[in-house]
Amino acid sequence: MQVILKQDVKGTGKAGDLVKVSDGYAKNFLLKKGLAVEANAAALNEKKTKDEAAAHHAQVALEAAKADCAKIDGKTISISAKAGTGGRLFGAVTAKEVADEMNQRFGTDLSKKKIVMKSDIKTFGEYSFEVKLHPGVSAKVNLIVKESE
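Just so you know, these numbers come straight off a predicted model, no measurement behind them.

## Concerning the overall build of the protein
The helix and strand tally for the protein stands at three helices and nine strands. For 149 residues, the compact-globule formula gives about 15 Å, and the C-alpha radius of gyration of the protein, at 25 Å, lies well above that figure. With respect to the three principal axes, the spread of C-alpha positions in the protein is 75 × 30 × 20 Å. Across the 149 residues in the protein, those meeting the buried criterion constitute 28%. Taking contacts inside the protein between residues at least 6 apart in sequence as the whole, the part at least 24 apart equals 52%.

Encoded structure:
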């Protein structure tokens, strides 16, 4: 019997998968517990529609990431910070501050999680980091940390 899983079932498949299982397992366990639905024409059509919608959303997200990459790739931003002793910062420049500056300057909607920095920046100077916008789409951005006046 073919069923479409509603939830992940260990040893059988993940949610949304179309799997072939024995009749007894399907009727006595999967259908009874609400873990799956029988793969009739209506259920198959609904699955097909959901799969197409998911593929469309993934394509839209990829195109948006490529557009954002074109906006920021190779650009330079600068952040002013308070000076401490010995050319060090009073505090640090974090990924959140970098994301806020990029969003303001380039009109993007980046979160701090997309910015890949080795660690917080604690000295003045020029730095290069990567912004991972989507799997397979990333941009290199330069950062200048200068002393505020």
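## A few points about the sheet that holds strand β6 (residues 115-116)
The four strands are arranged β4-β9-β8-β6 in an open sheet whose pairing can be described as mixed. Where the open sheet ends on each side, the last strands, each with one partner, are β4 (76-81) and β6. In terms of strand pairing, β6 meets strand β8 (residues 125-134) through two bridges, oriented antiparallel. Bridged to Ile-115 within β8 is Val-131. The sheet strands contacting helix α3 (residues 95-106) are β4, β6, β8 and β9 (137-147), and the helix crosses β4 at an angle near 125°.

## Section: the packing of aromatic side chains
A complete count under the given rule lists one aromatic pair for this structure. On the numbers, 5.5 Å between centres and 15° between planes, the contact of Tyr-25 with Phe-29 is stacked. Residue Tyr-25 and its partner Phe-29 are both found in helix α1 (residues 23-30); the two are separated by four residues, about one turn of the helix. Judged by relative accessible area, which is 29%, Tyr-25 ranks as partly exposed.

## So, helix α2 (residues 41-72)
Helix length check: α2, at 32 residues, gives a terminal C-alpha distance of 47 Å against a target of 46 Å (1.5 Å per residue), a fit within 8%. Three or more residues of α2 are buried, namely Ala-43, Lys-47, Ala-65, Asp-68, Cys-69 and Ile-72. Considering only its buried residues, α2 is in contact with β1 (2-5), β2 (18-20), β3 (36-38), α3, β8 and β9. Two residues or fewer after α2 comes Gly-74, characterised by a positive phi angle close to 80°.

## Let's talk about the pattern of salt bridges
Pairing between side chains becomes possible if they bear opposite charge and their charged atoms approach one another. All chains considered together, the criterion is met by three salt bridges. Where Glu-46 meets Lys-50, a salt bridge forms, and the shortest distance between an N and an O atom there is 3.4 Å. Note that Glu-46 and Lys-50 are positioned in helix α2 at a spacing of four residues, about one turn of the helix. When the shortest N-O distance is used, the salt bridge between Lys-96 and Asp-100 registers 3.2 Å. Here the residue Lys-96 and the residue Asp-100 both occupy positions in helix α3, the gap between them amounting to four residues, near one helical turn.

## A few points about the pairing of β9
For β4 and β9, the ladder comprises six bridges, and the chain directions are parallel. Each residue of the ladder has a partner; that of Ser-78, found in β9, is Ile-144. Across nine bridges, the pairing between β8 and β9 is antiparallel. Residue pairing across strands places Glu-130 opposite Lys-140, the latter belonging to β9.

About the cut-offs
Residues numbered from 1 in each chain as written. Predicted model: local features only at pLDDT ≥ 70, side-chain atom pairs only at ≥ 80, totals over all residues. Heavy atoms only, no water. Helix = DSSP H or I, 4+ residues; strand = E, 2+ residues; numbered from the N terminus. Rg over C-alpha atoms; globule rule 2.2 N^0.38 Å. Buried < 20%, exposed > 50% of the residue type's maximum accessible area, 1.4 Å probe, protein only. Contact = heavy atoms within 4.5 Å. Pairing = 2+ DSSP bridges. Axes fitted to C-alpha atoms, helices over the stretch in contact; angles between N-to-C directions. Phe/Tyr/Trp six-rings, centres within 6.5 Å; stacked < 30°, edge-to-face > 60°. Expected span 1.5 Å × (residues − 1). Salt bridge = Lys/Arg side-chain N within 4 Å of Asp/Glu carboxyl O.

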